[in-house]
Amino acid sequence: MKKIIYFICLLTVMSCNDDDIISDRNFDPMNLYGEWLFYDGTNKFSAVHMIIDNNAKLKLDVYANYETSGEPWRTAVGSWFYSSRTKHMKTTSLYEAQEVSIDKSYDIMNVDNCTLKMLDTYTHSFVTYHRVINTYNKFMSETFRIENYPDGFSPSEYISLNEKIVTVSADGLIMTKTPGQTFVVAKDGERKVAVKIIVETNVKEHAAEVNQDNLNIWLKYGIPDSKNMKGFDNGITAYWYFN
């Protein structure tokens, strides 16, 4: 009888401890919504762009060899469910060309305006995602800076995940180079946020200028000099501007 009473008391204590641990994790679950980036900063190999929307839909873009690849390696779509009582999130996703979905289970340790930290209950390992605060669609050879950081975020360091597509200076000036998709990560101490950058060619922009006269083109891009090429084809004059 004493053993039974002891066992019941032990279960009660364990249950209380679990409840205390859960209650210590104070965060607003609404912060789960949005876009997140995980990247392997040690091996510089894998990156995952995760989108969690408020309709329980989930999308994952997986980048392999993100330093050299400009497109996602695989894409998965699915759903997610979050329990506010246990602070537990389950996801179900199906990758392209697969017939069986993948189920994952996480304990949400913390989520705020910059960071989503989870414990993978299968591998018992922590996974940290950083909020993607914006997506920029740019042409090649453009320069710009990240805008609209979260409140209280003051970046002091920047990282381009693929310098073949975009580079970023020490003071945060981003320059687009070649077509593709990548991310720039801004760091404020231990906190990080990211932006997604999609770089396209300028073909669409210049195609609209085919019927413009020389003066309009020169006013926008400058008068061609010895570094530029000029071609003639069936009476049409074309200028190529090299950077």
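Predicted model, so just to flag it, every value in this text is computed and none were measured. (Residues numbered from 1 in each chain as written. Predicted model: local features only at pLDDT ≥ 70, side-chain atom pairs only at ≥ 80, totals over all residues. Heavy atoms only, no water.)

We now examine the overall build of the chain. Across its full length, the chain carries 3 helices and 16 strands. Looking at the 243 residues of the chain, the share that counts as buried comes to 35%. Residue pairs in contact within the chain that sit at least 24 positions apart in sequence constitute 43% of those at least 6 positions apart. Taken as a whole, the chain presents about 15,300 Å² of accessible surface, with 54% of it coming from carbon and sulfur. (Helix = DSSP H or I, 4+ residues; strand = E, 2+ residues; numbered from the N terminus. Buried < 20%, exposed > 50% of the residue type's maximum accessible area, 1.4 Å probe, protein only. Contact = heavy atoms within 4.5 Å. Areas by Shrake-Rupley, 256 points an atom, 1.4 Å probe, with all protein chains shown as cover.)

Counting residues in hydrophobic clusters, the biggest one holds 21 residues, and the most contacted among them are Met-50, Met-89, Ile-108, Leu-116 and Tyr-129. Put simply, the parts of the chain that give this core at least two residues each are strand 2 (46–52), strand 3 (57–64), strand 4 (74–83), strand 5 (88–95), strand 6 (102–111), strand 7 (115–120) and strand 8 (125–139). Excluding its chain neighbours within four sequence positions, the residues that come into contact with Leu-116 are Leu-32, Trp-36, Met-50, Ile-108, Asn-110, Val-111, Val-127, Thr-128 and Tyr-129. With 16 residues, the next largest nonpolar core counts Phe-153, Val-168, Ala-186 and Val-199 among its residues. (Core = buried A, V, L, I, M, F, W, Y, C linked by side-chain atoms within 4.5 Å.)

This part takes up the pairing of strand 7. Among the 6 residues that make up strand 7, 5 are buried, leaving the element largely enclosed by the rest of the structure. Summarising the sheet, strand 6 and strand 7 pair through 5 bridges and their orientation is antiparallel. Counterpart to Ile-108 in the pairing with strand 7 is Met-118. Bridge count for strand 7 against strand 8 is 6 bridges, and the pairing is antiparallel. Pairing of Thr-115 across the sheet is with His-130, part of strand 8. Once strand 7 ends, the chain turns through 4 residues before running back antiparallel as strand 8, passing His-124 with a positive phi of about 55°. (Pairing = 2+ DSSP bridges.)

Confidence in the prediction for the chain averages 81 pLDDT; 73% of positions are at 70 or higher. Averaged pLDDT values over the elements of the chain bottom out at 41 in helix 1 (residues 2–24) and peak at 98 in strand 9 (residues 143–144). pLDDT under 50 marks residues 2–23. Its contacts with residues more than four places away, or in other chains, come to 3 contacts. Low confidence marks residues 226–236, where pLDDT is under 50. Its contacts with residues over four positions away, or in another chain, come to 18 contacts. (pLDDT = per-residue confidence, 0-100.)

Mapped onto the elements, Lys-59 comes out in strand 3. Classification of Lys-59 as partly exposed rests on a relative accessible area of 34%. Sequence separation of Lys-59 and Glu-35 is 24 residues, and the distance between their C-alpha atoms is 9.4 Å. If we skip the residues at most four places from it in the chain, Lys-59 touches His-49, Met-50, Ile-51, Thr-75, Ala-76 and Val-77.

When you line up the elements, Phe-183 lands in strand 13 (residues 180–188). Not counting chain neighbours up to four residues away, the residues in contact with Phe-183 comprise Leu-37, His-49, Tyr-63, Val-132, Ile-159, Ser-160, Leu-161, Val-195 and Lys-196.

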